[in-house]
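Read off the chains here:
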Amino acid sequence: MKKILILILFLVLLSYVNAQDYNDYESLKINTEISSNLILNKQGSDSRIDYVYANLTFFPEENEFQKISYNLITEPKANENIGKDYIYLKWDKPSENELKFKINLEENTKTNFKHITSKVKFPIEENLDNFKPYLIETETVTSKDPNIIKKANELAQGEDDLFVLVHKIASWTKQNINYSLETLTAEVSQNASWVLENKFGVCDELTSLFVAMLRALNIPARLVTGQSYTNVINGFGNHAWAEVYFPSYGWIAFDPTYGQLGYVDSTHVKMKISQDVKEPDINYGWLSNNVDVTSSGLDIKSDIIQLGNLYKENIELKLELLKNDLGPGSYVPVKVTVKNLNNYYLPLSVYISKTPVKVEDFSRELLLKPNEEKVTFFIVKVPKNLEEGFIYTSEISIKDNFNNNVSGILHFTYNDNIFTFGEAQNLINELKKEEEKVYSRNIELKCNLDKTYYYEYESGKINCNIINKGNTNLENLNICYNKECKMINLNIVETKTLEFKFNPNDKEFLVRAYNNDINKVSILNPGILKTPNLTLDIL
């Protein structure tokens, strides 16, 4: 008996999606057609064929996130044996020279997001004997490679929350492995070791590395293959992602290629679960004499026929432009605050969707625990070519992967108030210290100038109010503006007012409060006007 094994190639092209597209919808109705044909080439008068079979394992499964109905057509009529994860077709003594099958499917899909409401401990304490197939090393999931073990352990150092760790590994994979078609050949999917070394691959290769690192940490993980939509090709293509086992919750979807790190969107049509992406998706076999059988492979086409509602999560999103009214070529630090208003973990992608100059570093991957608030930062740039005498405005917009967005207005003009990239980064680093010193959240520092705009020759005053809203008295608290510092003690619920001198030529426009327990910054945005160049002629 002879066989043909067919492995589907994963060709989905990907950008950082999230312009308005089908990936944003909570539910979809999708039509899919799966078809193939076999050509029987008879070689001489004594040729005969006793039977031909096709065993298809790449087929949409029914589960809580996708409901399936289908119609199977075979030409000529074949004997059918249909299981949960396969369709077996057999033609006995076929006289035709071509055998065909076609499956017309209708899939009703939903966003695959299982809510994890409490911490799952890492390392996993549950007996994992039933999950051994998804813990072992395979041809492409090279989880025993010392380099993969080393990287996995490096990422796992100090982590005791399974979701935090898996999200961290998925995020590392997305950020450090470049999606590239260079590795793609007709037959070969590179293994995880190769991907780690070369730092690029396609979706199945990125997923193999992600799964390998998890298995190296004794976390059950499996490969999922199917179809998904990308707006790069404005259509569906074959795709691979992963599912990770969480005790008490089951299998949780992760797609490092799409940046969906704890869920997958409704365009993901799940067709197969496997230990390794090199497992065949269909195999043919036959018993014959002097008959050559060739296959067309699998042809898969999917189209969306109905849209559900846009998918949204309950999130509070805030944007703050930390500098404004800057000059040409300046860099503007942007603070984004995100609060998860849900009682479950929320994997979030936050990215810049509008800015006056293209930004390369435009996205952040965050994981928020139930009701947690986090802060992240971006740097945007003011255009260089500005005309003197005009005030420009530009919208800065931030969006997340669940259709929430927030905007702010950036003002800039032709002036000497230039804020460099280094200064922007230093300011962000100061604000990150607030996150590191937890008690900083209990301190409110508000500073205001006595005027909105100043000519270059003018001076002014800065008035600051600082409030201790926590339950700890603060001693030896330094409040500084540039080189001018004042030391105070600040008791519980106490408010103090301080005053500083302001000059438009000061090096930095920020007030900092700090000691061993806190670091708090208040940023000033003075408008600096050039001295008018006026000539007065007395007649």
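Just so it is clear, the structure is predicted and the values come from calculations on it, not from any experiment. (Residues numbered from 1 in each chain as written. Predicted model: local features only at pLDDT ≥ 70, side-chain atom pairs only at ≥ 80, totals over all residues. Heavy atoms only, no water.)

### Structural notes on the confidence of the model for the chain
For step 1, the next point in the chain: Residues with a pLDDT of 70 or more make up 93% of the chain, whose mean pLDDT is 90.
For step 2, the next point in the chain: Per-residue pLDDT stays below 50 along residues 6–20; that stretch engages in 66 contacts with residues further than four places along the chain or on separate chains. (pLDDT = per-residue confidence, 0-100. Contact = heavy atoms within 4.5 Å.)

### Thoughts on helix α5 (residues 421–436)
For step 1, the next point in the chain: Taking 1.5 Å per residue, 16 residues should reach 22 Å; α5 reaches 23 Å between its end C-alpha atoms and fits that length.
For step 2, the next point in the chain: Buried residues of α5: A424, L427, I428, E430, L431 and E434, and no others. Seen along its axis, α5 keeps its buried residues to an arc of 155°; they face one direction. (Helix = DSSP H or I, 4+ residues; strand = E, 2+ residues; numbered from the N terminus. Expected span 1.5 Å × (residues − 1). Buried < 20%, exposed > 50% of the residue type's maximum accessible area, 1.4 Å probe, protein only. Arc of directions from axis to C-beta.)

### Section: helix α4 (residues 203–216)
For step 1, the next point in the chain: Across its 14 residues, α4 extends 20 Å between first and last C-alpha, which sits within 8% of the 20 Å expected from 1.5 Å per residue.
For step 2, the next point in the chain: In terms of burial, α4 is largely enclosed, as 13 of its 14 residues are buried.
For step 3, the next point in the chain: Directly beyond the C-terminal end of α4, a positive phi value near 65° is found at N218.

### Here's the deal with the pattern of salt bridges
For step 1, the next point in the chain: One pass over the full model with this rule turns up 25 salt bridges.
For step 2, the next point in the chain: A salt bridge links E154 to K151; the shortest N-O distance between them is 2.8 Å. On the criterion of helical spacing, the pair formed by E154 and K151 is a turn pair, its members being three residues apart in helix α1 (residues 146–156).
For step 3, the next point in the chain: Judged by relative accessible area, which is 15%, K151 ranks as buried. (Salt bridge = Lys/Arg side-chain N within 4 Å of Asp/Glu carboxyl O.)

### Re the packing of aromatic side chains
For step 1, the next point in the chain: For the coordinates displayed, the defined rule picks out 26 aromatic pairs.
For step 2, the next point in the chain: Seen from their ring centres, W194 and F200 are 5.3 Å apart, and the 85° between their planes marks the pair as edge-to-face.
For step 3, the next point in the chain: Measuring from ring centre to ring centre gives 6.4 Å for F246 and F254, while their planes differ by 5°; the resulting arrangement is stacked. Here F246 matches F254 in class, with each residue buried.
For step 4, the next point in the chain: Feature note: the residues F113, Y263, Y311, Y344 and F402 constitute an aromatic cluster, connected by ring pairs.
For step 5, the next point in the chain: Of note, K486 hangs over the ring of F500, and the distance from its end group to the ring centre comes to 4.7 Å. (Phe/Tyr/Trp six-rings, centres within 6.5 Å; stacked < 30°, edge-to-face > 60°. Lys NZ or Arg CZ within 6 Å of the ring centre and 35° of its normal.)

### Re the sheet that holds strand β10 (residues 221–230)
Strands belonging to one sheet form pairs held by backbone hydrogen bonds; the direction of such a pair is parallel or antiparallel.
For step 1, the next point in the chain: Taken together, the five strands give an open sheet; going across it, the order is β13-β12-β11-β10-β14, and neighbouring strands pair in antiparallel fashion. The sheet is open, and its two borders are formed by β13 (260–261) and β14 (269–274), each paired with just one other strand.
For step 2, the next point in the chain: Across five bridges, strand β11 (residues 235–246) lies against strand β12 (residues 250–255) in antiparallel orientation. Residue pairing in the sheet places F246 in a bridge with G250 of β12.
For step 3, the next point in the chain: Each of β11, β12 and β13 is contacted by helix α2 (residues 162–176), which is oriented at about 145° to β11, the strand it contacts most.
For step 4, the next point in the chain: In this fold α4 packs onto β10, β11 and β12, with an angle of close to 5° to the strand it touches most, β11. (Pairing = 2+ DSSP bridges. Axes fitted to C-alpha atoms, helices over the stretch in contact; angles between N-to-C directions.)

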